[in-house]
Amino acid sequence: MPVLMALLALTAPSADDIQALEVTRVIGPYVDQTRDGRLYAEFAPDVETRGAMCEPVAGGSHDCRYEVRTKSFFDNAFGQWQPMSVRLRWKNGRWRVVDPGK
């Protein structure tokens, strides 16, 4: 098990990892909790990412660059592509944003 965790820390985040992080970031303000503790997001926007490229940097982190666009729940079309750049690090079994403005 420790070997698997070490290998995951050495590999770069995938395009699916980047997509999941952006969806979490964008719909975060829309998330609410039900009486039994379940989470849901009503009228949350759709999120698309493309061109994810990640490079390793010191300390086991990765600098990632990609483009993201969103579509509000009530809109018919997606907005313009916006360039993004973040620094990610594998911690506690998942990728975490270390520097959101990197």
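Please refer to the structure higher up on the page.
What you see is a predicted model; the values in this text were computed from it and never measured.

(A) Local environment of the overall build of the protein chain. What the protein chain contains, in helices and strands, is two helices and six strands. In the protein chain, the succession of helices and strands from N to C terminus is α-α-β-β-β-β-β-β. Considering the protein chain as a whole, with its 102 residues, one finds that 18% of them fall into the buried category. Long-range contacts, defined here as pairs at least 24 residues apart, represent 42% of the contacts in the protein chain between residues at least 6 apart. Carbon and sulfur atoms form 54% of the exposed surface of the protein chain, whose accessible area is close to 7,200 Å².

(B) Highlighting the pairing of strand E6 (residues 94–99). Where strand E5 (residues 82–91) meets E6, five bridges bridge the pair, whose relative direction is antiparallel. Paired with lysine 91 across the strands is arginine 94, a residue of E6. Counting the residues that bridge the hairpin from E5 to E6 gives two residues, and of these asparagine 92 lies at a positive phi of roughly 55°.

(C) Fine view of the side chain of serine 61. Looking at the secondary structure, you find serine 61 in strand E4 (residues 61–71). Judged by its relative accessible area of 1%, serine 61 is buried. Side chain to side chain, serine 61 and arginine 89 meet in a polar contact 3.0 Å long. Contact partners of serine 61, with chain neighbours within four places excluded, come to Glu55, Pro56, Arg87, Leu88 and Arg89.

(D) Representation of the state of the cysteines. Scanning all chains against the criterion turns up one disulfide. A sulfur-sulfur separation of 2.1 Å characterises the disulfide bridge that pairs cysteine 54 with cysteine 64. Judged by the sign of its S-S torsion, about 115°, the bond between cysteine 54 and cysteine 64 is right-handed. Here cysteine 64 lies in strand E4 and cysteine 54 lies in strand E3 (residues 46–56), a separation of 10 residues in the sequence. You can call cysteine 54 buried: its relative accessible area is 19%.

Rules and cut-offs
Residues numbered from 1 in each chain as written. Predicted model: local features only at pLDDT ≥ 70, side-chain atom pairs only at ≥ 80, totals over all residues. Heavy atoms only, no water. Helix = DSSP H or I, 4+ residues; strand = E, 2+ residues; numbered from the N terminus. Buried < 20%, exposed > 50% of the residue type's maximum accessible area, 1.4 Å probe, protein only. Contact = heavy atoms within 4.5 Å. Areas by Shrake-Rupley, 256 points an atom, 1.4 Å probe, with all protein chains shown as cover. Pairing = 2+ DSSP bridges. Polar contact = N/O pair within 3.5 Å; in protein donor to acceptor, adjacent residues only side chain to side chain. Disulfide = S-S within 2.5 Å.

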